[in-house]
Amino acid sequence: QVQVVESGGGLVQPGGSLRLSCTASGSIFRIYAMGWYRQAPGKQREFVAGMSSGGSTNYAESMEGRFTISRDNAKNTVYLQMNSLKPEDTAVYYCNIKPAYGLTGYWGQGTQVTVSS
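Thresholds applied
Residues numbered from 1 in each chain as written. Predicted model: local features only at pLDDT ≥ 70, side-chain atom pairs only at ≥ 80, totals over all residues. Heavy atoms only, no water. Pairing = 2+ DSSP bridges. Helix = DSSP H or I, 4+ residues; strand = E, 2+ residues; numbered from the N terminus. Salt bridge = Lys/Arg side-chain N within 4 Å of Asp/Glu carboxyl O. Buried < 20%, exposed > 50% of the residue type's maximum accessible area, 1.4 Å probe, protein only.

## Some words on the pairing of strand S7 (residues 67-72)
One ladder, built from six bridges, connects S7 with strand S8 (residues 77-82); its direction is antiparallel. Considered in S8, the bridge of Ile69 is made with Leu80. Between S7 and the antiparallel strand that follows it, S8, lie four residues; Asn76 among them carries a positive phi value of about 50 degrees.

Spelled out as structure tokens, the structure:
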């Protein structure tokens, strides 16, 4: 089995920064892509940022310029650096690790990010 665990969420003031971490462990031998998604109360889960195995990245338009996705392959870890946080960024952030093209991927339980004064 594959286990995906997110961490780093919490309460932060508007304009502040937060760094989320996601680590995959278990029976995973290949990572095709990795990404971050979020879900706010009453809303659908939405794409935030993604990275391919080759290192190419994609960001949702509302996050472009504020969020940065990165990785540490040796640790099977993907990060999401979030800067200039806004109240509308408040959501549960989920990490997804996809082992191959066409597969759903593995999800963690999520980590709560709350941006409030």
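Alright, that's what it looks like, and here's the rest.
## Considering the pattern of salt bridges
Oppositely charged side chains can form a pair if their charged atoms are brought close together. Scanning the entire structure with this criterion turns up three salt bridges. The salt bridge involving Glu46 is made with Arg38; its shortest N-O contact spans 2.7 Å. Arg38 sits in the buried class, given a relative accessible area of 7%. When the shortest N-O distance is used, the salt bridge between Arg38 and Asp89 registers 3.0 Å. You can see Arg38 sitting in strand S4 (residues 33-39) and its partner Asp89 sitting in the loop between S8 and strand S9 (91-98), a full 51 residues away along the chain. An identical accessibility class is assigned to Arg38 and Asp89; each is buried. Look at the salt bridges and you will find they share partners, linking Arg38, Glu46, Arg66 and Asp89 into a network.

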